[in-house]
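What the coordinates show
Each chain, letter by letter, is given below.
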Amino acid sequence: MTEIDTSVPHSARIWNYWLGGKDNYPVDEEAGDAYTAVFPGIVTIARSSRAFLGRSIRYLVQEAGVRQFLDVGTGLPTVDNTHEVAQRIAPESRIVYVDNDPLVLTHARALLTSTPEGVTAYEDLSLYEPERILEQAAKTLDLSRPTALILSGILGHVADHDLARDLVARLLAGLPSGSHLCVNDGSRGTDPDYEQAQDAYNETGAVPYFLRPVEQITAFFDGLELVEPGVVSVPLWRPDAGSTPEPIGQHGGVGRKP
Ligand SMILES: C[S@@+](CC[C@H](N)C(=O)[O-])C[C@H]1O[C@@H](n2cnc3c(N)ncnc32)[C@H](O)[C@@H]1O
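A brief structural summary. A quick note: this is a predicted structure, and the numbers were derived from the prediction, not measured.

**A word on the overall build of the protein chain**
- Scanning the protein chain for helices and strands turns up nine helices and nine strands.
- Seen along its three principal axes, the alpha-carbon backbone of the protein chain occupies a region of about 45 × 40 × 40 Å.
- Across the protein chain, every contact between residues at least 6 apart in sequence was considered, and the portion connecting residues at least 24 apart equals 71%.
- Carbon and sulfur atoms form 51% of the exposed surface of the protein chain, whose accessible area is close to 11000 Å².
- Taking the average place of the 20 positive charges on the side chains of the protein chain and the average place of its 36 negative ones, the gap between the two points comes to 7 Å.

Below, the structure written as structure tokens:
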């Protein structure tokens, strides 16, 4: 896709709408509202997914010692983007964002607010070209050092599970031992209303997004050492002290490349 089409809803803009952002068009609002009419829980899912992203980045920086991040499927800038969470703890963190949405590209400047000690870069590339992503990321990241690959809410856009696994494997192949994979995606089998709303959304002309059975999300971590508590509904992944998390149809986890 090379230009911004405001006549069909778009994943990054609807997600932004559910997250309470302003970077969306009436067509996105309409599609977002049609979705919540069938499944209001999507707003919690969008927000819980961002909260998981924040907790997982904090884990990666604080406990796993990672200082380099490759975040593919960045989305529109919102609060607590990957680089903000990482650089708040370790200002020297280096981040490469990748997305193929022209609107995300126009907003990328807002993402490039790095600390002076670190760096933030943006690459307009598709998940379907993993070797090119690695090649371009290497301009900013030292890929001989452990790097966290962040795939948050993007693998559901790849309908074919074998292809999605292949793309993940090819990205991980370019990263050394001690690198990590962080995935979270919408899951099938938790709520029929969610599946119905998602099927209707996929008919709107937007780039479709497919909910996956939890076992398929878990399979993205094959060959990696899963960090406790494994692949779980995202609110249950290392919840903040004092919170009372409820499971939802969004599953994720973090794994380490041995
Ligand atoms: C649901 S948003 C997730 C945003 C953010 N990662 C988050 O978790 O809040 C999905 C993002 O994936 C991007 N995306 C979809 N297909 C892509 C592809 N083939 N290559 C790169 N980005 C893609 C969309 O443009 C969108 O920004």
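Next comes the rest of the write-up.
**A look at the pairing of strand E5 (residues 180–188)**
- The buried count for E5 comes to eight of nine residues, which makes it a mostly enclosed element.
- Two strands pair when backbone bridges link them, and strand E4 (residues 148–152) and E5 are joined in this way by five bridges, in the parallel orientation. Pairing of Ser152 across the sheet is with Asn184, part of E5.
- Regarding topology, helix H7 (residues 161–173) serves as the crossover connection from E4 to the parallel E5, and that connection is right-handed.

**Here's the deal with the environment of Thr36**
- Assignment of secondary structure puts Thr36 in helix H2 (residues 26–38).
- Separated by 18 residues in the primary sequence, Thr36 and Trp18 place their C-alpha atoms 9.3 Å from one another.
- Apart from the residues lying within four places of it in its own chain, the contact partners of Thr36 are Trp18, Ile42 and Val43.

**Some points on the nonpolar core**
- Ranked by size, the top nonpolar core spans 44 residues in total, and within it Tyr35, Ile57, Leu60, Phe69 and Ile150 carry the most contacts.
- Where this core is concerned, the elements lending two or more residues are helix H1 (11–18), H2, helix H3 (42–62), helix H4 (82–89), strand E2 (94–99), helix H5 (102–106), E4 and helix H8 (192–201).
- Of the residues forming this core, the biggest block, nine residues, is contributed by H3.
- Not counting chain neighbours up to four residues away, the residues in contact with Ile57 comprise Phe69, Thr82, Val85, Ala86 and Ile150.
- Within the second largest apolar cluster, 30 residues are counted, among which are Val72, Val98, Ala137 and Leu141.

**A closer look at the packing of helix H6 (residues 130–137) against H7**
- Their axes nearest at 9 Å, the elements H6 and H7 cross at an angle of 30°. Classified by the angle between their axes, H6 and H7 sit roughly parallel to one another. Viewed along their axes, H6 and H7 form a crossing whose handedness is right-handed. Residues Pro130, Glu131, Ile133 and Leu134 of H6 pack against Leu167, Arg170 and Leu171 of H7.
- Grouping the constituent residues of the contact of H6 with H7 by class yields five nonpolar, no polar and two charged.

**Structural notes on the pattern of salt bridges**
- Under the defined criterion, the tally for this structure stands at twelve salt bridges.
- Put simply, Arg58 and Asp240 hold a salt bridge, and the shortest N to O gap is 3.5 Å. With a gap of 182 residues between them, Arg58 in helix H3 and Asp240 in the loop between strand E8 (232–233) and strand E9 (250–256) connect regions that are remote in the sequence.
- Under the relative-accessibility criterion, Asp240 is labelled partly exposed at 42%.
- Here Asp80 makes a salt bridge to Arg88, at a shortest N to O gap of 2.5 Å.
- Among the residues examined, Asp80 registers a relative accessible area of 35% and is labelled partly exposed.

Conventions and cut-offs
- Residues numbered from 1 in each chain as written.
- Predicted model: local features only at pLDDT ≥ 70, side-chain atom pairs only at ≥ 80, totals over all residues.
- Heavy atoms only, no water.
- Helix = DSSP H or I, 4+ residues; strand = E, 2+ residues; numbered from the N terminus.
- Contact = heavy atoms within 4.5 Å.
- Areas by Shrake-Rupley, 256 points an atom, 1.4 Å probe, with all protein chains shown as cover.
- Lys, Arg positive; Asp, Glu negative; His and termini not counted.
- Charge placed at Lys NZ, Arg CZ, Asp CG, Glu CD.
- Buried < 20%, exposed > 50% of the residue type's maximum accessible area, 1.4 Å probe, protein only.
- Pairing = 2+ DSSP bridges.
- Right-handed = clockwise from strand over helix to strand, strands pointing away.
- Core = buried A, V, L, I, M, F, W, Y, C linked by side-chain atoms within 4.5 Å.
- Axes fitted to C-alpha atoms, helices over the stretch in contact; angles between N-to-C directions.
- Parallel < 35°, antiparallel > 145°, perpendicular 65-115°, else oblique.
- Left-handed = near helix turned anticlockwise from the far one by under 90°.
- Nonpolar A, V, L, I, M, F, W, Y, C, P; charged D, E, K, R; others polar.
- Salt bridge = Lys/Arg side-chain N within 4 Å of Asp/Glu carboxyl O.

No statement about biological role is implied by the geometric values presented.
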